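# Structural characterization, general
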Amino acid sequence: MKTELGKYIVIFILLVTTIGFVSGFLVADNSMLLAYNEGFQKYNIEDGHFVTEKKMNRAQLKSVAASGNTLYEMFYAEEPLDNGSTMRIYKKRDKVNGVCLMEGELPVQPDEIAIDRMYADNNGLNVGDTIHNGIKSWKITGLVALSDYSCLFSDNNDTMFDSLKFGVGIVTEENFSSYTKGDLTWCYAWKYPEKPKDNAQEKEWADDFRDLLVKEVTLEEYVPCYLNQAIQFTGDDMGSDKAMMVVLLYIVIVIMAFVFSVTISNTITREAAVIGTLRASGYTKRELVLHYATM
């Protein structure tokens, strides 16, 4: 042990580092997955949303309500900001797609806004800063996470999210009411009367609801929750990361096993004469194996 202390220290550090890194990652990943899954109920995340060419009238709303699904207005406006990014602005929510306040406060004045935390980090923005679009300006009062934007996809057809050039924010109803009809995108979220039993039933319900909608309105976008990348990508990504980390652990264990086998083989070869003498002196194979395996 004293003679080859350096070798054993390196192997020990490799063991501790690997176990600590992989264990820490898996614990953190499981915790995040748990929080992510609980968020669907905690923040009442939508079962899907659609965008119409025009705002739905009372007759259309009544006809859609007959399906048993509940509609929620999720209108938004998009503002091109001076920093070259786009901010998608919603009014405060309290019924569906809840908001998690992570720092600061929600806006209370017409010139205030709470923006996505990831967007703020990537653009060097903090609570108290101001964002501009050349005409208007908003003071950032809080950093939030919108439950329907756990990943910042501006378009569901994008191959990858962009939290640098696209962000989402929450403003007061007074501020939001200043937008004209031409500024708004007519987006509606829906919730089923009960939770689907499985993915097959969810798909069937989504297809049926779409067939009903196309008879009433002109759809520009239709995105059920199970196809919504802004909602699903995070959970899928964390699940795949967990599998990747477990595979990495297996690979590292195989490499370490190889290192151990080479080390033991070299030790036995180098001490063959000593081993032969010990065997001749009456030591059993089991005793010798335990001796060399101890280190």
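Coordinates for the structure precede this section.
Every chain begins its residue count from 1, and numbering advances along the sequence as written. At least 70 in pLDDT is required for a residue's local features to be given in this predicted model, at least 80 for side-chain atom pairs to be given and counted, and no such filter applies to totals for whole chains, interfaces and linings, which use all residues. Each side-chain value is derived from all of the structure's non-hydrogen atoms; neither hydrogens nor water enter the calculation.

## Overview of the pairing of strand β1 (residues 48–52)
Partly exposed residues are those whose accessible area sits between 20% and 50% of the maximum for their type, while under 20% is buried and over 50% is exposed, using a 1.4 Å probe and protein chains only. Under the DSSP-based scheme used, a helix requires at least four consecutive residues in state H or I and a strand at least two consecutive residues in state E, with every element numbered from the N terminus. Counting buried positions along β1 yields five of five residues, so the element is predominantly enclosed. Each pair of strands is called paired provided DSSP finds at least two bridges between the two strands. Of the strand pairs in this sheet, β1 and strand β10 (residues 184–191) are connected by five bridges, and their pairing is antiparallel. Among the inter-strand pairings, F50 is bridged to a residue of β10, identified as Y188. In terms of strand pairing, β1 meets strand β11 (residues 219–224) through five bridges, oriented antiparallel. Pairing of T52 across the sheet is with L219, part of β11.

## Things to note about the environment of F260
Position of F260 relative to the elements: it lies in helix α6 (residues 229–270). Take F260: its relative accessible area is 32%, and that puts it in the partly exposed class. Each C-alpha atom of the pair F260 and A273 lies 21 Å from the other, and the pair is 13 residues apart in sequence. Contact partners of F260, with chain neighbours within four places excluded, come to I11 and L15. Residue contacts are counted whenever heavy atoms from the two residues lie within 4.5 Å of one another.

## Some points on the pattern of salt bridges
Between Lys or Arg on one side and Asp or Glu on the other, a salt bridge is scored when a side-chain nitrogen of the former is within 4 Å of a carboxyl oxygen of the latter. Inspection of every chain in the model, using the stated rule, returns eight salt bridges. R93 is the partner of D148 in a salt bridge, and the nearest nitrogen-oxygen pair spans 2.7 Å. One end of the pair, D148, is in the loop between β8 (137–146) and β9 (166–171); the other, R93, is in the loop between β4 (86–91) and β5 (99–104), and 55 residues separate them in sequence. Salt bridges sharing partners connect three or more residues here, namely K203, D207, R210 and D211.

## Brief notes about the layout of surface pockets
Grid points spaced at 1 Å and placed over the protein atoms alone form the basis of the search, with a cavity being a set where a 1.4 Å probe fits but cannot get out and a pocket an open set showing protein on both sides within 12 Å along at least five of seven lines. Lining residues have an atom within 4 Å of a point. Grid points are joined across faces, edges and corners, and a volume is the space filled by probe spheres set on the points. Volume-wise, the largest pocket comes out at about 810 Å³. Lining the largest pocket are 29 residues; nearest its centre among them are Y36, A145, Y149, S150 and T234. Mapped by element, the contributors of at least two residues to the lining of the largest pocket are α1 (5–42), β5, α3 (117–122), β8 and α6. Considering every element that reaches the lining of the largest pocket, the biggest residue donor is α1, with seven residues. Among the residues forming the lining of the largest pocket, the class breakdown is 19 nonpolar, five polar and five charged. The computed volume of the second largest pocket comes to approximately 600 Å³. Along the wall of the second largest pocket there are 24 residues; nearest its centre are F40, D47, K195, E202 and C225. Counting residues per element, the ones that place at least two in the lining of the second largest pocket are α1, α5 (199–214) and α6. Residues are grouped as follows: nonpolar covers Ala, Val, Leu, Ile, Met, Phe, Trp, Tyr, Cys and Pro; charged covers Asp, Glu, Lys and Arg; every other residue, Gly included, is treated as polar.

## Digging into a nonpolar patch on the surface
Residues enter a patch when their relative accessible area is above 30% and they make no salt bridge; the linking distance is 9 Å between like charges and 5 Å between nonpolar side chains (Val, Leu, Ile, Met, Phe, Trp, Tyr). Per-residue and other accessible areas were derived by the Shrake-Rupley procedure at a 1.4 Å probe size, with only the shown protein chains allowed to occlude residues. Taken together, the side chains of M1, L5, I9, F12, I13, V16 and M295 make up a nonpolar region of the molecular surface, amounting to roughly 660 Å² of accessible area. Within the element layout of this structure, V16 appears in helix α1.

## Things to note about the side chain of S147
Its location among the elements puts S147 in the loop between β8 and β9. A residue is classified by how much of its surface remains accessible, and S147, at 12% relative accessible area, is buried. Excluding residues that lie within four positions of it along the chain, S147 makes contacts with Y43, I45, N97, G98 and I231.

## Overview of the packing of aromatic side chains
Two rings from Phe, Tyr or Trp (for Trp, the six-membered ring) form a pair when their centres sit within 6.5 Å of each other. Planes less than 30 degrees apart are called stacked, planes more than 60 degrees apart edge-to-face, and all others tilted. The tally for this structure, following the rule as stated, stands at 17 aromatic pairs. The interplanar angle of 50° and the centroid separation of 6.3 Å between the aromatic rings of Y149 and F166 together place this pair among those described as tilted. You can see Y149 sitting in the loop between β8 and β9 and its partner F166 sitting in strand β9, a full 17 residues away along the chain. The exposure class of F166 is buried, given its relative accessible area of 4%. Ring centres of W190 and Y222 lie 5.1 Å apart, and the angle between their planes is 15°; this geometry places the pair in the stacked category.

## Side note on α1
With 38 residues, α1 ought to run about 56 Å at 1.5 Å a step, and its terminal C-alpha atoms sit 54 Å apart, in line with that. Among the residues of α1, Y8, I11, T18, V22, L26, D29, L33, Y36 and G39 are the ones counted as buried. Against the buried residues of α1 lie α6. Downstream of α1 by a residue or two, N44 has a phi angle that is positive, lying close to 50°. To estimate how far a helix should extend, the number of its residues minus one is multiplied by 1.5 Å.

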